[in-house]
Amino acid sequence: MSDPVNKPAHYTSHPSGIECIQITEHMNFNLGNAVKYIWRAGLKSSDPVQDLKKAAFYIQREIERIERLKNNG
């Protein structure tokens, strides 16, 4: 049975049986969010393209963060 707070169905329905948080807790915020949206694309909402666009948003933010760090020494 799904627990809507701690274990919603879209958290536990990946074919691997692994919860996304087990992977993303080892990443920074931007990368973790990108993986989260890719991992659950089409599972939380009926629009996987929207989920993938959200992942791309976080990937772009991470690229910009790294570039800022490189440019500021």
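Details of the structure are given in the entry above.
Residues numbered from 1 in each chain as written. Predicted model: local features only at pLDDT ≥ 70, side-chain atom pairs only at ≥ 80, totals over all residues. Heavy atoms only, no water.

**A word on the pattern of salt bridges**
- Inspection of the entire model under this criterion finds one salt bridge.
- Arg 65 is paired through a salt bridge with Glu 62; the nearest N and O atoms lie 2.7 Å apart. With Arg 65 and Glu 62 both in helix H4 (residues 48–71) and three residues apart, this pair spans about one turn of that helix.
- According to the relative accessible area criterion, Glu 62 is buried, its value standing at 5%. (Salt bridge = Lys/Arg side-chain N within 4 Å of Asp/Glu carboxyl O. Helix = DSSP H or I, 4+ residues; strand = E, 2+ residues; numbered from the N terminus. Buried < 20%, exposed > 50% of the residue type's maximum accessible area, 1.4 Å probe, protein only.)

**Some words on the packing of aromatic side chains**
- For the structure shown, the criterion picks out three aromatic pairs.
- An angle of 80° between the planes, with centres 5.1 Å apart, marks the rings of Phe 57 and Tyr 58 as edge-to-face.
- We classify Phe 57 as partly exposed; its relative accessible area is 46%.
- Members of the aromatic cluster, each reached through a chain of ring pairs, are Phe 29, Tyr 37, Phe 57 and Tyr 58. (Phe/Tyr/Trp six-rings, centres within 6.5 Å; stacked < 30°, edge-to-face > 60°.)

**A few points about the environment of Ile 38**
- By the element assignment, Ile 38 lies in helix H3 (residues 29–39).
- With residues up to four places along the chain from it excluded, the contact list for Ile 38 reads Leu 52 and Ala 55. (Contact = heavy atoms within 4.5 Å.)

**So, a nonpolar patch on the surface**
- Together, Ile 18, Ile 23, Met 27 and Leu 31 line one region of the surface with nonpolar side chains, adding up to about 280 Å² of accessible area.
- Note on placement: Ile 18 falls in the loop between helix H1 (9–12) and helix H2 (21–24). (Patch = residues over 30% accessible without salt bridge, like charges linked within 9 Å, V, L, I, M, F, W, Y side chains within 5 Å. Areas by Shrake-Rupley, 256 points an atom, 1.4 Å probe, with all protein chains shown as cover.)

**Describing the packing of H3 against H4**
- With their axes 8 Å apart at the nearest point, H3 and H4 run at an angle of 160° to one another. By the angle between their directions, the pair H3 and H4 is classed as roughly antiparallel. Of the two possible hands of crossing, H3 and H4 adopt the one that is left-handed. Taken together, the residues of H4 that come into contact with H3 (itself represented by Phe 29, Asn 30, Leu 31, Asn 33, Ala 34, Tyr 37 and Ile 38) are Asp 51, Leu 52, Lys 54, Ala 55, Tyr 58, Ile 59, Arg 61, Glu 62 and Arg 65.
- Looking at the contact of H3 with H4 residue by residue, the class counts come to nine nonpolar, two polar and five charged. (Axes fitted to C-alpha atoms, helices over the stretch in contact; angles between N-to-C directions. Parallel < 35°, antiparallel > 145°, perpendicular 65-115°, else oblique. Left-handed = near helix turned anticlockwise from the far one by under 90°. Nonpolar A, V, L, I, M, F, W, Y, C, P; charged D, E, K, R; others polar.)

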